[in-house]
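# Observations on chain architecture
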Amino acid sequence: MTSPHTSVLPAVPFTLTRAGVIMTPEPGNDFEAEGVLNPASGRGPGGELYLLPRLVATGNVSRVGLAKVIINGDGVPTGVEREGVVLAPDEGWERGMNNAGTEDPRTTWVPALGKHLMTYVAYGPLGPRLAFAHSEDLRTWERLGPCFFEYQADLSMDLNLFPNKDAVFFPEPVNDPDGVPSYAMLHRPMWDLGWIRPGEGEHLPAGVTDNRPGIWISYVAVADVERDLRNLVHMGKHRLVALSEFPFEELKIGGGPPPVRVDEGWLLIHHGVAGKMAASAFDQQQNVNYTAAAMILSADDPSQVIARSDKPLLAPETEDEISGIVPNVVFPTAIEKIGDQLFVFYGMADSKIGVAKLDRV
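Residues numbered from 1 in each chain as written. Predicted model: local features only at pLDDT ≥ 70, side-chain atom pairs only at ≥ 80, totals over all residues. Heavy atoms only, no water.

Identification of the protein as Glycosidase from Pseudarthrobacter psychrotolerans is taken from an unreviewed UniProt entry. According to the UniProt record, the Sequence similarities (unreviewed entry) comment for the protein is "Belongs to the glycosyl hydrolase 130 family." (UniProt positions renumbered as here; feature names shortened; annotations may be inferred.)

This is the structure we're talking about:
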């Protein structure tokens, strides 16, 4: 299997413009002692806009919080009001001997289900693993459990062996490769198993020759989910969507907020990473650069990229984005419409949350 596109693609006709910092760690709040970052988002039953930030406590223990977004008279987010924690690493498989976390949530409102679907990274005994939860009100979340990737013979590889991050659902059903109406999820497997077994190294799926982590898509049939919501965890028909192609993303790419339907197809804001990676991808990195970019996926077949940024839409430039625990970070994870305007929320180097306005060129 090879990347289903080339770099000779139209540019993405959108720009990002900073609108400010809207959430910083609260002094004296133990849950936020090491930062607030990488939020999900959603609308409550009354239409209120909320962020679901990753709250990092001492010892790098992460929880998912809930914070109502304050919007000024011009329709621009300016701050938040905290409303507690909605998901914590309370289950045994979300905790290890020296680690624990429900990390980096992404939430997608799916009207056909009447639910918010959350993907998150459960940081358990064997490292990061994708997991799902659902809610009708953003406050009460019911776990669906860890994701299970169906075996696919043409890949000659079990995707369940690998750490995986940056997962997010599409907001409405799409057709899978066989034309079956399905719920689809983007995700980012990582092929290096040396972190769990020294010397094991990388194992690539059949046909994949580029070892850099990229964006994949997997599906589950609508009919299966209608029969039992728990079938959402059984993802299949895996396809490679995109790999790194440009200097600003030379190390890896990963999905960001839920895809947004635009005239051209599905707009996906993603992140790209360049620089030099430390020994383990799970260590705090000091010599990398995270930027925000975009691609457009085909409406008919979202495994196909039809337009792509050849340079970042937003790169670290402010002090909050340049200096921090992991320096040089713009990490987009949420997108919301306020009035007629789309805003992208992103994590920053200084363990804060920023917001940028998305405009069509």
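## As for the environment of Ala-206
Assignment of secondary structure puts Ala-206 in the loop between β13 (181–189) and β14 (215–221). On the basis of relative accessible area, Ala-206 is assigned to the partly exposed category, the value being 31%. The sequence separation of Ala-206 and Met-157 amounts to 49 residues, and the corresponding C-alpha distance is 7.3 Å. (Helix = DSSP H or I, 4+ residues; strand = E, 2+ residues; numbered from the N terminus. Buried < 20%, exposed > 50% of the residue type's maximum accessible area, 1.4 Å probe, protein only.)

## Structural notes on the packing of aromatic side chains
By the definition in use, this model includes six aromatic pairs. An angle of 80° between the planes, with centres 5.0 Å apart, marks the rings of Phe-162 and Trp-191 as edge-to-face. One end of the pair, Phe-162, is in the loop between β10 (148–149) and β11 (164–169); the other, Trp-191, is in the loop between β13 and β14, and 29 residues separate them in sequence. Pair check on accessibility: Phe-162 and Trp-191 agree, each one buried. Where Trp-191 meets Trp-216, the ring centres are 5.8 Å apart and the plane angle is 75°; that geometry is what we call edge-to-face. With Trp-191 in the loop between β13 and β14 and Trp-216 in strand β14, this residue pair connects regions lying 25 residues apart in the sequence. Per residue, the accessibility class of Trp-191 equals that of Trp-216, and both read buried. (Phe/Tyr/Trp six-rings, centres within 6.5 Å; stacked < 30°, edge-to-face > 60°.)

## Quick word on the sheet that holds strand β9 (residues 142–146)
What links the strands of a sheet is backbone hydrogen bonding, and the strands pair in either a parallel or an antiparallel sense. Strand order in the open sheet formed by four strands is β6-β7-β8-β9, and the pairing between neighbours is antiparallel. At either margin of the open sheet sits one strand with a lone partner, and together these are β6 (102–110) and β9. Between one strand and the next, the sheet's axes are offset by a mean angle of 25°, whatever the strand orientation. (Pairing = 2+ DSSP bridges. Axes fitted to C-alpha atoms, helices over the stretch in contact; angles between N-to-C directions.)

## Re the pairing of strand β23 (residues 353–360)
Across eight bridges, the pairing between strand β1 (residues 14–23) and β23 is antiparallel. Looking at the pairing, Met-23 lines up with Ile-353 of β23. Where strand β22 (residues 341–348) hands over to β23, the hairpin turn is made up of four residues, of which Ser-351 adopts a positive phi near 55°.

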